[in-house]
Amino acid sequence: MSEEITLKKIDTFAAHDDENADKGVHIEAKDFSLFYGEFEAVRKVSMQIPKQKVTAMIGPSGCGKSTLLRSINRMNDLIPSTHASGEMIFDGYNIYAKNIDVVTLRARVGMVFQKPNVFPKSIFDNVAYGPRLQGVKNKQVLSEMVEQSLRQAAIWDEVKDRLTANALGMSGGQQQRLCIARALAIKPEILLMDEPTSALDPKATAKIEDLIGELRQNYTIIIVTHNMQQAARVSDLTAFMYEGVLVEFGKTKQLFTNPKNPQTENYITGRFG
C-alpha cells in the first residue's frame, strides 16, 4: 500500500521543491485542465503564483476563473463528473495525485466564497469550528485562536463584547470578515477568495480590500473578481482568462497599462465582456 501524502507543513516537503522555493513560487499550474464531463472549463493553464502576494483573476462570466481558483484546493471534486489533467503543484507535489490527503490540503488552502456563509451558531463557535475539527479542545487555546483570527480579520473590536451572539445577526460585511476569520483560524498558507465583495456595499467592500492589503504580509492570496478596478487596487499580479484559456498573466500595473495581448486590451477597455 502506498504511503499517503498528508501535506502537513511546507518544510516537510521543501527538499522536493528547491527550484520553486528559490523563485518564491507557492502554486504552479503545468498544462492544467479541468473538465466537467466532456466540457473543458480550464484549458492547459500554466502559471506560477508567488508567495505572499495578491494574485487577481479577471475575465468575463464563464471564462473559467472560478473553476481554476477552486482547483487549487480541489473544491471541484465535490461536483460530479469532474476530472483534471496536467499538474497543480504545491510543495513539490501534484495535488491531483491519488495519494494526496484532500482534507489536509483544504486546511492549508483556505477559501472565502462570494456570499458570506456563516453557520447559524455564535460568532465564537463560527471561528472555533475549524480548530475543533482539528482536535483543539482546550478552552483557553480556543479562545486565543478565536481572538487572534478575529483580530487578523479586522473585526475583533466590533464583536469582542458579543461573541456569544448568533452570527446571523451580523451585517453582510461583518459576516464576510467573520468568514475570513474562520478561514484563518485553521492557519492556512494560501487564502482563496471567490468574488468576496460582490454581495457587499461600497463601505464594506473597502474594508475587505483594506484587509486583503494587510493579510498579504503573511498569506498568499488569490482573488477572483469581476471588478477590474478592484483587481487594480488590491493585486500584485493579474491573470486574464477567456473561454478557459489563460490569455495573459503578469504584474497588475503592466497588464492594465500596457497589456501584451490585444485580447486583454479589448477586455480591460470595455470592447467586449
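Residues numbered from 1 in each chain as written. Predicted model: local features only at pLDDT ≥ 70, side-chain atom pairs only at ≥ 80, totals over all residues. Heavy atoms only, no water.

(A) Representation of the nonpolar core in the model. Ranked by size, the top nonpolar core spans 45 residues in total, and within it Leu 150, Ile 180 and Leu 191 carry the most contacts. Residues within four places of Ile 180 in sequence aside, it is in contact with Val 112, Ala 153, Leu 191, Met 193, Ile 208, Leu 211 and Leu 215. In terms of nonpolar packing, the next biggest core, distinct from the first, is built from 28 residues, Val 45, Leu 68, Ile 222 and Leu 246 among them. (Core = buried A, V, L, I, M, F, W, Y, C linked by side-chain atoms within 4.5 Å. Buried < 20%, exposed > 50% of the residue type's maximum accessible area, 1.4 Å probe, protein only. Contact = heavy atoms within 4.5 Å.)

(B) Fine view of the sheet that holds strand 1 (residues 25–36). Sheet architecture is open: 4 strands sit in the order 2-1-4-5, paired in antiparallel fashion. The sheet is open, and its two edges are formed by strand 2 (39–50) and strand 5 (93–94), each paired on a single side. As paired elements, strand 4 (residues 82–90) and strand 5 share 2 bridges and run antiparallel to each other. Within strand 5, the position partnered with Phe 90 by the bridge is Tyr 93. (Pairing = 2+ DSSP bridges. Helix = DSSP H or I, 4+ residues; strand = E, 2+ residues; numbered from the N terminus.)

(C) Focus on helix 5 (residues 139–152). Given a rise of 1.5 Å per residue, 14 residues ought to cover 20 Å, and the 20 Å separating the end C-alpha atoms of helix 5 matches this to within 8%. Of the residues making up helix 5, those classed as buried are Leu 142, Met 145, Val 146, Ser 149 and Leu 150. In an axial view of helix 5, the angular spread of the buried residues amounts to 125°, which keeps them on one side of the axis. Capping of helix 5 at its N-terminal end is provided by Asn 138; its side-chain oxygen lies 2.9 Å from the backbone amide nitrogen of Gln 140. Ala 154 lies just past helix 5 and shows a positive phi near 55°. (Expected span 1.5 Å × (residues − 1). Arc of directions from axis to C-beta. Polar contact = N/O pair within 3.5 Å; in protein donor to acceptor, adjacent residues only side chain to side chain.)

(D) How the structure looks around the pairing of strand 7 (residues 190–194). Burial runs high along strand 7: 5 of the 5 residues are buried. With burial as the criterion, each face of strand 7 is covered, one bearing Ile 190, Leu 192 and Asp 194 and the other bearing Leu 191 and Met 193. Relative to strand 7, strand 6 (residues 109–112) runs parallel, the two sharing 4 bridges. Among the inter-strand pairings, Val 112 is bridged to a residue of strand 7, identified as Met 193. In this fold, strand 7 hands off to helix 8 (residues 202–215), which returns the chain to strand 8 (residues 220–224); that crossover is right-handed. (Right-handed = clockwise from strand over helix to strand, strands pointing away.)

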